[in-house]
Amino acid sequence: VATTSFNSTLGGGSSGYIGSETGQGAYFNGYMQDVRITRGICRYVGLFTPPTSELSPSAPTSLVLHMDGTDNSTTFTGSSATNATVTVAGNAKLSTAQKMFGTASASFDGSGDYLTIDSQSVATFGTSDFTIECWVYLTGAPGGYSDFGGTIFDTRNSGTSTTGFCNYRDWE
């Protein structure tokens, strides 16, 4: 559980990437579930108790991906106020092997797997408060990295862009 504060304009890309740095690298290696993106509020400003059930799409949530479904499915259905479309890249899929809640979680092998959210209204935060939260289970460092757990969420246009937001987990 971690929180980070920024004081800059975040976003600018036309997509959000789950499990990759702008779809070009730093791929997440493990399982991810219950991704909730909320624009307009900071949901946690102090000590809190982690959720014990699936996250709800309560207002003003932009997107919730529970990652529920059948083993090896590549259909990722979310609850979204913005009609965001989720696209699979690589061999990202649902897996029943590890999960915190529900029926499955997203499985990423650290080698080219990620999800793209094609809605700018989800991926662009501007200067307002926001919260990105999810359950993650790391299984190893992604290819080419020995101490890095991979990108969780990225809104940048490129890996060198300074306009956007990249959230990752350091393996150490």
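Residues numbered from 1 in each chain as written. Predicted model: local features only at pLDDT ≥ 70, side-chain atom pairs only at ≥ 80, totals over all residues. Heavy atoms only, no water.

For the rest of this paragraph, the subject is the nonpolar core. I18, M67, F108, L115 and F153 are the most contacted members of the largest nonpolar core, which totals 23 residues. Taken together, the elements giving at least two residues each to this core come down to β2 (29-39), β3 (61-65), β7 (105-109), β8 (114-117), β9 (130-138) and β10 (148-154). Per element, the largest residue contribution to this core is three residues, and it comes from β2. For L115, the contacting residues outside a window of four places in its chain are G16, Y17, I18, M67, F76, V86, T87, V88, A92 and F108. (Core = buried A, V, L, I, M, F, W, Y, C linked by side-chain atoms within 4.5 Å. Buried < 20%, exposed > 50% of the residue type's maximum accessible area, 1.4 Å probe, protein only. Helix = DSSP H or I, 4+ residues; strand = E, 2+ residues; numbered from the N terminus. Contact = heavy atoms within 4.5 Å.)

In this structure the tally under the stated criterion is six aromatic pairs. Judged by centre distance (6.2 Å) and plane angle (15°), the rings of Y27 and Y114 are stacked. Within this pair, whereas Y27 is found in the loop between β1 (16-18) and β2, its partner Y114 is found in strand β8, the two being separated by 87 residues in sequence. A relative accessible area of 16% means that Y114 is categorised as buried. Between the aromatic rings of F28 and F108, the centroid separation amounts to 5.9 Å while the plane-to-plane angle is 90°, which identifies the pairing as edge-to-face. Of this pair, F28 sits in the loop between β1 and β2 while F108 sits in strand β7, placing them 80 residues apart in sequence. Judged on exposure class, the residue F28 and its partner F108 are both buried. Members of the aromatic cluster, each reached through a chain of ring pairs, are Y17, Y27 and Y114. (Phe/Tyr/Trp six-rings, centres within 6.5 Å; stacked < 30°, edge-to-face > 60°.)

Moving on: the pattern of salt bridges. One side chain can pair with another of opposite charge once the charged atoms of both are near each other. All chains considered together, the criterion is met by two salt bridges. Between R36 and E133 there is a salt bridge, with its nearest N and O atoms 2.7 Å apart. In this pair, R36 is assigned in strand β2 and E133 in strand β9, connecting sequence segments 97 residues apart. In this structure R36 comes out as buried when scored by relative accessible area, which is 6%. Residue E133 is classed as buried on the basis of its relative accessible area of 10%. As a salt-bridge pair, R43 and E133 come within 3.8 Å of each other at their nearest N and O atoms. Taken together, the residues R43 in the loop between β2 and β3 and E133 in strand β9 connect sequence positions 90 residues apart. Taken together, the salt bridges that share partners define one network made up of R36, R43 and E133. (Salt bridge = Lys/Arg side-chain N within 4 Å of Asp/Glu carboxyl O.)

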